[in-house]
Amino acid sequence: MWNWLRQIKDSITQKTTGLMRMQFWREAVEDIYCDNPPHQPVATELWRAVKRHNLTKMWFMKIIDEREKNLDDRAYRNIQALETYAENTQSALLYLTLEMLGVRDIHADHAASHIGKAQGIVTCLRATPYHSTRQKVFLPMDICMLHGVSQEDFIRGKQEKNVRDVIYDIASQAHIHLEHVALDDYLRNMRKVDFNIFHPSLQKKSTLLPLHLYLRSWKKTY
């Protein structure tokens, strides 16, 4: 379901189509919790997971509602708006993951909240070069205005200091939430190229990431 919702925005040309798909999943979740899942493979598996792990309905609804709001294709008003989006999508998914693992602990939820917010901010940064090629910029407007940077500057791929300062401020907020694992690696690599979001090295995937995560898991250093 997560992948279906995530792909809706990029696969539609009209907002109305996206709203219809979101409504399908909203009704599907309602039916799942009434033990009457729709005849759709993903919905059927989701129903089984809900029954097996007693998953909280609220987290699914938060993900759907936030994804629906995001169909507007507008830049985030401020960093708090980006964090809210991340909390209601990335963090909500982590809360569900914890429930599936049988972990219902306030400290674990607190960590998941910070990890989800950091992940949402980093995802927004990583997607900026891609979105710029499509004439779209979603970075928080308040930080862009603070440094006198326009959306056009990103669309044109400018790399002046004030543009890098925008990236620095946003990356710093992610760093506050998370100082470990793979997300921190991306922030560290960004620092190495002086927060040039368009640097080719930031577009490469780490082939050592699975090993890196395994070692951190083994050492319990998450």
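Residues numbered from 1 in each chain as written. Predicted model: local features only at pLDDT ≥ 70, side-chain atom pairs only at ≥ 80, totals over all residues. Heavy atoms only, no water.

**Regarding the layout of surface pockets**
If a probe the size of a water molecule is rolled over the atoms, the empty space left behind becomes visible.
Now for step 1: Considered as a void within the structure, the second largest pocket measures approximately 320 Å³ in volume.
Now for step 2: Forming the boundary of the second largest pocket are Glu-66, Lys-69, Asn-70, Asp-72, Arg-74, Ala-75, Tyr-76, Arg-77, Ala-81, Thr-84 and Tyr-85.
Now for step 3: If you list the elements that add at least two residues to the lining of the second largest pocket, you get helix H4 (57-69) and helix H5 (79-100).
Now for step 4: With 3 residues, H5 is the largest single contributor of residues to the lining of the second largest pocket.
Now for step 5: Across the lining of the second largest pocket, the residue classes break down as 4 nonpolar, 2 polar and 5 charged. (1 Å grid on protein atoms, 1.4 Å probe; cavity = no way out; pocket = protein on both sides within 12 Å on 5 of 7 lines; lining within 4 Å. Points joined across faces, edges and corners; volume = space filled by probe spheres on them. Helix = DSSP H or I, 4+ residues; strand = E, 2+ residues; numbered from the N terminus. Nonpolar A, V, L, I, M, F, W, Y, C, P; charged D, E, K, R; others polar.)

**Considerations on the confidence of the model for the protein chain**
Now for step 1: Here the protein chain averages 84 in pLDDT, while 82% of its residues score no lower than 70.
Now for step 2: Counting interchain partners and residues more than four positions distant, the pLDDT-below-50 stretch residues 207-215 has 5 contacts.
Now for step 3: The model gives residues 217-222 a pLDDT under 50, and that stretch makes 7 contacts with residues more than four places away or in other chains. (pLDDT = per-residue confidence, 0-100. Contact = heavy atoms within 4.5 Å.)

**Concerning the packing of helix H2 (residues 15-32) against H4**
Now for step 1: One way to put it is that H2 packs onto H4 with a least axis distance of 10 Å and a crossing angle of 175°. The angle between H2 and H4 falls in the class roughly antiparallel. Contacts from Leu-19, Met-22, Trp-25, Arg-26, Val-29 and Glu-30 of H2 reach H4 at Lys-57, Phe-60, Met-61, Ile-64, Asp-65, Arg-67 and Glu-68.
Now for step 2: Counted by class, the contact of H2 with H4 contains 7 nonpolar, no polar and 6 charged residues. (Axes fitted to C-alpha atoms, helices over the stretch in contact; angles between N-to-C directions. Parallel < 35°, antiparallel > 145°, perpendicular 65-115°, else oblique.)

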